Amino acid sequence: MRIAFCCTHTTAEPWVERLRAALPEAQIEAWVPGAPQADHAVVWTPPQQFIDEQPGLKTLFNTGAGVDALLRMRLPPSMTVVRLDDAGMAVQMAEFVCQALVRHMRELDLSESQMRQGQWSFRRPRLRVDFPVGILGMGVLGRRVAQAVAHFEFPVRGWSRTPQTMPGVECFHGPEGLDAFLSGTRVLVCLLPLTPQTEGILNRKTLGRLLPGGYLINVARGAHLVDEDLLALLDEDRLAGATLDVFRKEPLPEAHPFWRHPKLTLTPHTSARTLRDETIAQIVGKIRAMERGEPIAGVVDRGRGY
Ligand code: NDP
Ligand code: OXD
């Protein structure tokens, strides 16, 4: 078995070394143009040349949960795309969303700035019942976030494409369920995959449906959000603020107004990082399961886009 490693923005050697240790029977190489045909590939945003030179690849193992960039490429229909499911990301996402939620709800930015000015002052406590959290996307990450948020006793609601259930979570689905979902949500968390159906879903109309003083946490993809609509709603005081971890263009261009907006908290696409050891263990486990003829989790439905 031959495996090609082709992840941009990553140093190949430690990955290749660990993959070789975990799969000693395989020939594993960092891809270079003209390399021999491999059976499987471990990838993150590979160049189109890689795909074009490797038409016989059976499986592309994406080292992230989101496959939007991969699915925008020209891929032969015979290639199976497999995404990461969790691999240590879900707990990171849960802690990231909880810190953003609690920081907003408890007004911790204000407390911090008052302390820095030598002011010791209390504000009336805000009640979690007034901060229903709505999670767009009740998949691997969305469900883990819902569980963590419910642990802090916030009301939680979730929205998915197909009907889902989760104890303690009010569930909505489909375009027909979106309005009811949004209109009872104050803090909106986006954990949808980026597909033609979800691109631009965070816009003036949808964000404008949130309860007064709505707050957005976008940890999915930048193209879910219509940037100008968010800025307008913030400036009209229709939204209280947002935490943004993902952007249409990354790194966020220097001139983008998000950088300087006082109601925004920005992080550099870091809410849930790919963890090398967990990722390799998951991919190797899947390769072994496939060899035994067993089904594996995380196979992407390319027609559906996730
Ligand atoms: P999953 O595929 O497990 O879950 C996707 C969820 O979105 C499902 O509940 C699905 O519904 C729902 N969904 C998809 N399309 C629609 C639609 N048209 N309408 C309503 N609901 C829809 O994905 P993950 O939870 O693993 O990951 C989610 C995304 O998070 C990734 O695609 C990626 O973009 C992003 N991400 C961001 C990271 C970061 O660091 N910022 C790190 C990792 C991931 P259903 O249940 O019915 O199928
Ligand atoms: C992912 C990401 O999709 O890192 O895994 O954004």
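Here we summarise the structure given alongside this text. Just so you know, these numbers come straight off a predicted model, no measurement behind them.

### Details of the pattern of salt bridges
- For the structure shown, the criterion picks out 18 salt bridges.
- Residue Arg 221 pairs with Asp 68 through a salt bridge whose shortest N-O separation is 3.0 Å. Note that Arg 221 is positioned in the loop between strand S10 (214–218) and helix H9 (227–235) and Asp 68 in helix H3 (residues 68–71), a separation of 153 residues in sequence. As far as the burial class goes, Arg 221 and Asp 68 line up, both buried.
- Glu 107 is the partner of Arg 123 in a salt bridge, and the nearest nitrogen-oxygen pair spans 2.9 Å. Within this pair, whereas Arg 123 is found in the loop between helix H5 (108–116) and strand S6 (133–136), its partner Glu 107 is found in the loop between helix H4 (89–105) and H5, the two being separated by 16 residues in sequence.

### Here we look at the sheet that holds strand S5 (residues 80–82)
- Reading across from one edge, S2-S1-S3-S4-S5 is the order of the 5 strands in this open sheet, with parallel pairing throughout. Edge positions in the sheet fall to strand S2 (27–30) and S5, since each of these pairs with one other strand and no more. Each strand axis lies, on average, 20° off the axis of its neighbour in the sheet, ignoring direction.
- With 4 bridges joining them, strand S3 (residues 40–44) and strand S4 (residues 59–62) adopt parallel strand pairing. By the bridge assignment for S4, His 40 is matched with Thr 59.
- Along the sheet, helix H1 (residues 12–22) contacts strand S1 (2–7), S2 and S3; its crossing angle with S2, the most-contacted strand, is approximately 175°.

Rules used throughout
- Residues numbered from 1 in each chain as written.
- Chains lettered and ligands numbered in written order.
- Predicted model: local features only at pLDDT ≥ 70, side-chain atom pairs only at ≥ 80, totals over all residues.
- Heavy atoms only, no water.
- Salt bridge = Lys/Arg side-chain N within 4 Å of Asp/Glu carboxyl O.
- Helix = DSSP H or I, 4+ residues; strand = E, 2+ residues; numbered from the N terminus.
- Buried < 20%, exposed > 50% of the residue type's maximum accessible area, 1.4 Å probe, protein only.
- Pairing = 2+ DSSP bridges.
- Axes fitted to C-alpha atoms, helices over the stretch in contact; angles between N-to-C directions.
- Contact = heavy atoms within 4.5 Å.

Purely spatial values, then, with no claim about function.
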